[in-house]
Every structure is written in structure tokens, then in C-alpha cells.
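Structure at a glance
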Amino acid sequence: MKTIPDQIADIKEKLPDFTPTPPGLKAQVSCHDLKARLDWGEPALTIVDVRDFESFDKSRITGAAPMPMDELVERAKASLEPVRDIYIYGETDEQTAEAANLLRAAGFRKVAELKGGIPAWKAIDGPIDGAIEHGNPGPDAYNVFARLQHHAKAQKINK
């Protein structure tokens, strides 16, 4: 006769595994794949933007790390583990592929090329940050007096 722990172990082996798992990492992914992974809530990934700093400041995927092409390998080696899941995007799919190949050659094993970049990410309403996305407040944004003057002028015009 089996002991109770043995009986429980036998039953567990017969039960299907209903444990949900996040989408796996592939060499090339769509924005839907990345969004599904983020929606899953799994923090064990890094999003890398290889465009220049000016482009990064204007518009970027929320949470992306800036690592321009000319500094990519050095920055990645200094801040990322070689087994970390990395989603990478650039200005074009060609730039993205080049950057991914540089990381793979440098020993990073889990690199996914995000196809379509920022335009594709925006098309699926993925979260975006940057000056263009949230508007540049302008030089008088924090000048209360200038804002009140502007408001008073706008009120006179609208009457």
C-alpha cells in the first residue's frame, strides 16, 4: 500500500499543468509579442533603443534603455547579463538586425529584434515616452505670471 505522500505525487503527475507561462523569446518578434510579454508583467527583460540620443529623447518605448549603435556593446556589457532577455529596436529593421548581431557576437544569447520599431509600437497603442509624445512645455511652462497673462488674453479673444 502506498503512503499518502506517494499517492499525492502520483495524482500530481496525472494532472495537466495549468501554470500560465509568458510568451517565449524568438530571434525576431512583433510589437504584439513584446506587448504580450509586458502585459504578462514579467520584469526579466530589457528593451534597448539603439537610435541616437536625440531620437530617443523625442520618442521611445516606455522603459527602453538608450544604447546608441556606436556605444552599444560597451554599454550592454557594462549593464546587462549575457543571459538576459533583450528586446532591441532601431530606426529601421536593418539597423535593428545589425544591432542584434553585434550583441549576439558579443556573447549575448537572448536577443530579440523588434520588427517595425516605434511606428509599429505606436500602431498597437504601446506605451510611449518622449518630448514629442507628451509635448514640450516650452520656456514659459513654469512661469506662472506668463501663464496667467496667456490665459487672460485667451479669455478676451474667446468673448
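Details of the structure are given in the entry above.
A brief look at the structure comes next. If you're wondering where the values come from, they're calculated on a predicted model, not measured in any experiment. (Residues numbered from 1 in each chain as written. Predicted model: local features only at pLDDT ≥ 70, side-chain atom pairs only at ≥ 80, totals over all residues. Heavy atoms only, no water.)

1. Section: the overall build of the chain
What counts, and what does not: Under the scheme used here, helices are H or I runs from DSSP no shorter than 4 residues and strands are E runs no shorter than 2 residues, and both carry numbers assigned from the N terminus. Each residue is placed in one exposure class: buried if its accessible area under a 1.4 Å probe, protein chains only, is under 20% of its type's maximum, exposed if it is over 50%, and partly exposed if it falls in between. Here, two residues are considered to be in contact whenever any of their heavy atoms come within 4.5 Å of each other. For the accessible areas, the method is Shrake-Rupley and the probe is 1.4 Å, while residue cover comes only from the protein chains on display.
Broken down by element type, the chain carries eight helices and seven strands. Split into buried and exposed, the 159 residues of the chain put 30% on the buried side. Of the contacts formed within the chain by residues at least 6 apart in sequence, a portion of 62% connects residues at least 24 apart. Carbon and sulfur atoms make up 56% of the accessible area of the chain, which amounts to about 10500 Å² in all.

2. As for the packing of helix 4 (residues 72-79) against helix 5 (residues 93-105)
To keep things clear, this is the line we draw: Angular values range over 0 to 180 degrees, each being the angle between N-to-C directions of two axes fitted as lines to C-alpha atoms, with helices fitted over their stretch in contact. In what follows, roughly perpendicular refers to angles from 65 to 115 degrees, roughly parallel to angles under 35, roughly antiparallel to angles over 145, and oblique to any angle outside these ranges. Helix crossings are classified by the rotation of the near helix relative to the far one: an anticlockwise turn of less than a right angle makes the crossing left-handed, while a clockwise turn makes it right-handed. Three classes are used: nonpolar for Ala, Val, Leu, Ile, Met, Phe, Trp, Tyr, Cys and Pro, charged for Asp, Glu, Lys and Arg, and polar for all others, with Gly counted as polar.
In the contact formed by helix 4 and helix 5, the axes pass within 10 Å of each other and the chain directions differ by 50°. Comparing the axis directions of helix 4 and helix 5 gives the class oblique. Between helix 4 and helix 5 lies a crossing of right-handed hand. Within the contact between the two elements, helix 4 uses Leu72, Val73 and Ala76 and helix 5 uses Ala99, Leu102 and Leu103. Partitioning the contact of helix 4 with helix 5 into residue classes produces six nonpolar, no polar and no charged.

3. Some words on the pairing of strand 6 (residues 111-114)
For clarity, the cut-off: Any two strands with at least two DSSP bridges between them are considered paired. Whether a crossover is right-handed comes down to one check: with the strands pointing away from the viewer, does the path from the first strand over the helix to the second run clockwise; if it does, it is right-handed.
Of the two faces of strand 6, the one holding Val111 and Glu113 and the one holding Ala112 and Leu114 are both buried throughout. Bridge count between strand 1 (residues 28-29) and strand 6: two bridges; the pairing is parallel. Its bridge partner being in strand 6, Val29 is matched across the sheet by Leu114. Where strand 5 (residues 85-89) meets strand 6, three bridges bridge the pair, whose relative direction is parallel. When the bridges of strand 6 are listed, Tyr87 appears paired with Ala112. Read from strand 5 through helix 5 to strand 6, the crossover connection turns out right-handed.

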